[in-house]
Each structure stands twice: as C-alpha cells, then as structure tokens.
Amino acid sequence: MAAPSDLPCELYSSAQTRQLDASIIASGISGGELMQRAAEATWKALVERWPDAGRLTVFCGAGNNAGDGYLIAVLAQMAGWEVDIYAVGQLDKLSGDAAVAMEKARRAGVDIWAWHPDAEIGGILLDALLGTGLSGPVREPYASVIASINQAGLPVVAVDVPSGLDADRGIAQGCAVRADLTVTFITLKPGLFTAAGPDQVGKLVFAALADLPASAPPPLAERLDMRRWRSVLPPRARASHKGSFGHLVLLGGDHGMGGAIILAAETALRSGAGKVTVLTRAEHVLPLLARCPEVMVRAIEEPGAASPLLDQATCLVVGPGLGRSEWGRALLEAALSADRPCVLDADALNMLAQAPALVPLAPHCIMTPHPAEASRLLGCGTSVVQGDRLEACRQMVQRYGCTVVLKGVGSLIGSPAPDEVALALCSDGNPGMAAAGMGDVLSGLVGALLAQGLEASQAARYGVLVHALAGDVAAKAGQRGVLASDLIGPIRTIINGGAVNAEEL
C-alpha cells in the first residue's frame, strides 16, 4: 500500500466513481484525455518500480480498461521496450475511446495478438482486462487468462483495479488477478483496502486524473488518516487532575483468563485514562497488581457486588476474558444496566448475540467484533460477513443501535451518529497483528478515549487508527512474533503526538 500521505481520505463506490467520471467528461475534459492521463500515470508508476525491465506484455479486454492498456503499450513502445498485446474477447466489441486507443497502438506498430493458452508472455504483465465494470463471476476466457497471469511468476501491474476483484467489497468474483502494483484512478474504492483486496492490489498508487466536480456526492466512507485525527485529544490543562480524565472500569477475567483483562487495563492506563479499576476473579488480583500497581483491582465473586462500583465509573469495558458462565453473564447485564458509555468485546458480544432482550444498546456503546463474532451477532455465516464487510457493519449498527468496529483487514467503523460519515475504514495495520490479545489492547485503548471525553464514534475511529499505527511500529523488526503488549508503548507515543509509523522512528 502507499503511504497514507499519498492517498486521499475519501472512499467512493464503483457506481459513484462512474458518475464522477461522467461528470468530469461533461465539464469539458474528454474521455480520451482522461484515458491518456490514466495511461501516463500507470506508465510512470511502472517505470519507477521496474526501470530496467525492457519488456511489457499487455492483456486487454473489451472495455475502457482495455483502452488504458493500449495507450500504456504505446508509451512502452516509444520508450524502446519490447511490447506485446494480447486481446481477450472480441475486438469488434471495442467502441468509443477504447477503440481509438487500440488504433493508436496499431499505428504505433505494437503487436496485437488474439489471446490463446500457449501465448508467450514475459517481462512485466499489465492487467487491463476488466476494471471496475465487472458484474458477476469472471467468465471464460477471462478466467483462464487471469490464471495464466497469476501462475506466470512475473511482476504484475493492474490498471485501476485487479481484474476480478470487486472494488466495493474486496472479494474475488470467482478469481482475481494478484498484482504487485495497482494504479487506481479518480477515486479510492473501499474494496482495495478490505477483505482480500490488499492481497490482490499489492502496492497502491492513486492518480486523480482531474479535480472532482463541486457537485460530487458525499463519499461512501472515510479512510482514517492521522492528518485529520491528530488534534482530537486537546492539550491537557495545567490544572488537570486524575478526575479530569475519567474513571474507567473494566469487567472480565473469569477463571484462567486473566491475561486479557490485564492487557486491556495496562493499555487503558498508558492511553491516558485518569483512573482505572478492574473487576475480576480473585485469582487475578495479585498478578494484575504485580504488573500494574497503578490499577485499582477488586475481586468480584458475586456479580451483584459490582453495581456500587459501576455507579462510580465514567465508562466501562466489558468482555476481555469474561467467559460465558453465569458470572460473566451477570456482569454484562449489570454493566448495561449502569447506562454508561461502554466498550463491548469478546465474550460480551457472544453473550449479547444470545440475549435479544438486551438489544438495542445505547448510542454511547461501542461493539468491537471480529468476523466470527459479527456472524453470531447477525445470525449468519462468517463467509457472509466477509463477503460484504461494509454491509455487515451497517446491519450491526442498525440492529444494535450503537457504534460498531468490524475488525479485520481494513477494519470498518460504523456509527448511528447523524453528523458522522456513515462508515470509516482503517487502511493501516499489518498481518503481524494477527495474534492473541490484540483485541484486548484495542478495547482498553478505546475505553480510555471514552474516559477522556470522546464521543463513541470518535473514540472508535481514533482508537482503531492509533491501534493500527502502533501495530505497524511494533512490526518494524518483522511481522512474525509481534505481541499484543508490544503495541502499548507505541500507543502512548502516538496519542502524545509522536511518531505514527515505523519509518519515523
């Protein structure tokens, strides 16, 4: 992926992008000119990545994506590269600007061949097959061409979107090109960042091609970027005291599950909560105090004893190590009855999925499910959630009435707040964060932000962004072996205005 500073923060759907493309053309920039700009942007990115390759094999379909491919082939030919174009499908289906682009390639002397399975391919492979116009599964002969591209073991560049990738949902439509570099145009599309999208896209380069018209529709989602979120926590007044930054109470840690609540509590302290209290099983009191003597810990064996302590809280975190016994269920019900801003995670979510009487939740609550927990909350399979993560997030917001963080690749945040962009997406983070305890750290961080006065939608968005950036810092030495506790130090650095990525350290 590109560095965040290289990418805009607005995400648009494929349909919105097509409308914007039409609006730009209506404003006076011809479709042919846009196609030429797309070709030049792609060629520039390609040469910067592989300056000495010297050979380009272009795969063109039957739409405007193919037109980009023909013009890129012309630029390569002019640069002295060896160029071959393989046309897939019927050339007589080309029309408009794409047909003009094909004629330019012919006049430039570029070899254009009909695709066949034994075709000789080499150098850099350029995918200009399908783009964003695909509806439904990839059909033949495109499926066979995509398989040949993926099996070639050669560098691959995708024009706008890897062919076969749903640009809105981030899923392969039966099959999809796996690119090393993708150059996308006009807008960023959510499917480039979530579900399988990042694995198919490779390094992402954005080319606007033209300014968006003033009449552009609201974006589908916001891509989280620290440039917009750096000042969300105001400087602390000199007259501040611990009561100024909230009293966060965390509930969890049933028998044998103390690590989760310890991680959440330590993160909450390092994230700036004024006071942190943990209500947990007696067996976890000494280990927690040994690790974090600043935490106030109360042994709770009878859940009814928690209510007076919950009344003192500014906000709550419920779920890390909570378990699904009657003890955990009673603590969850007590927490929701306290009517405090609340972060619900892990087994709190699993029990909530089985307790429709507790739904809907208050708008100041935040749920942080991973895909399997989301599937239980929605009563569907995990594959359904992953098949359309944006829609799953929207459905949970609608059903539960609160802010929802759908964790995973391209974590999504949805909120019922009318003054917020409907969805936010986090494009930071890395596979090293696929480790136990990461969700506990996130819940402690988000709880601490609630304690310091952020609204639920703000706390969720900023918390997810800081958590992901801290994960990137923690993975500086390598993605294998990153521990959840490795994020706690970087989290403190980032929320205090320090480095936001590994390159800055």
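Each remark here, short or long, concerns the structure printed above.
Given the structure is predicted, the values throughout are model-derived calculations rather than measurements.

Undergrad: Which residues make up the packing of helix α13 (residues 371–378) against helix α15 (residues 389–400), and what are the values?
TA: In contact at an axis separation of 10 Å, α13 and α15 are set at 50° when each is read in the N-to-C sense. With respect to α15, the axis of α13 lies oblique. Considering only the axes of α13 and α15, their crossing is left-handed. On the side of α13, the interface is formed by Pro-371, Ala-374, Leu-377 and Leu-378, while α15 contributes Arg-389, Ala-392, Gln-395, Met-396, Arg-399 and Tyr-400. Partitioning the contact of α13 with α15 into residue classes produces seven nonpolar, one polar and two charged.

Undergrad: So what's going on with unusual backbone geometry? Which residues, and what values?
TA: The omega torsion across Glu-140 and Pro-141 is 5°, close enough to zero to call that bond cis. For Pro-141, the position within the fold is in the loop between β5 (124–128) and α5 (142–151). Here the residue pair Val-359 and Pro-360 is connected by a cis peptide bond, since its omega of 0° sits within 30 degrees of zero. Note on placement: Pro-360 falls in the loop between α12 (347–352) and β15 (365–367). Its identity as a non-glycine residue notwithstanding, Asp-160 has a phi of 75°, on the positive side. You can see Asp-160 is positioned in the loop between β6 (156–159) and β7 (181–185). In the Ramachandran plot, Ala-195 falls in the positive-phi region, its phi being about 55° despite a non-glycine side chain. Relative to the assigned elements, Ala-195 resides in the loop between β7 and α6 (197–201). Take Ala-195: its relative accessible area is 16%, and that puts it in the buried class.

Undergrad: I'd love a proper account of the side chain of Arg-389, names of residues and values included.
TA: Mapping Arg-389 onto the fold places it in helix α15. Despite its burial, Arg-389 remains without a salt bridge, the nearest opposite charge being carried by Asp-388 at 8.5 Å. A polar contact of 2.8 Å, which involves the side chain of Arg-389, links it to the side chain of Thr-194. A distance of 3.2 Å separates the side chain of Arg-389 from the backbone oxygen of Leu-406, its partner in a polar contact. Aside from chain neighbours lying at most four places away, what touches Arg-389 is Thr-194, Ala-195, Pro-371, Leu-406, Lys-407, Gly-408, Val-409, Gly-410, Ser-411 and Leu-412.

Undergrad: Can you explain the sheet that holds strand β16 (residues 403–406)? Please cite residues and give values.
TA: Read across the open sheet, the eleven strands follow the order β1-β9-β18-β17-β16-β15-β14-β13-β10-β11-β12; overall the sheet is mixed. Each edge of the open sheet is held by one strand with a lone partner, namely β1 (10–11) and β12 (296–299). For β15 and β16, the ladder comprises two bridges, and the chain directions are parallel. Its bridge partner lying in β16, Ile-366 is registered against Thr-403.

Undergrad: So what's going on with the sheet that holds strand β4 (residues 111–114)? Residues and values would help.
TA: The parallel open sheet is built from seven strands, whose spatial order is β4-β3-β2-β5-β6-β7-β8. Each edge of the open sheet is held by one strand with a lone partner, namely β4 and β8 (203–207). Within this sheet the neighbouring strands show an average axis-to-axis angle of 20°, counted without direction. In the sheet, β5 pairs with β6 via three bridges, with the strands oriented parallel. In the sheet register, Asp-127 faces β6, and the bridge partner there is Ala-158.

So, how was this worked out
- Residues numbered from 1 in each chain as written.
- Predicted model: local features only at pLDDT ≥ 70, side-chain atom pairs only at ≥ 80, totals over all residues.
- Heavy atoms only, no water.
- Axes fitted to C-alpha atoms, helices over the stretch in contact; angles between N-to-C directions.
- Helix = DSSP H or I, 4+ residues; strand = E, 2+ residues; numbered from the N terminus.
- Parallel < 35°, antiparallel > 145°, perpendicular 65-115°, else oblique.
- Left-handed = near helix turned anticlockwise from the far one by under 90°.
- Contact = heavy atoms within 4.5 Å.
- Nonpolar A, V, L, I, M, F, W, Y, C, P; charged D, E, K, R; others polar.
- Buried < 20%, exposed > 50% of the residue type's maximum accessible area, 1.4 Å probe, protein only.
- Lys, Arg positive; Asp, Glu negative; His and termini not counted.
- Salt bridge = Lys/Arg side-chain N within 4 Å of Asp/Glu carboxyl O.
- Polar contact = N/O pair within 3.5 Å; in protein donor to acceptor, adjacent residues only side chain to side chain.
- Pairing = 2+ DSSP bridges.

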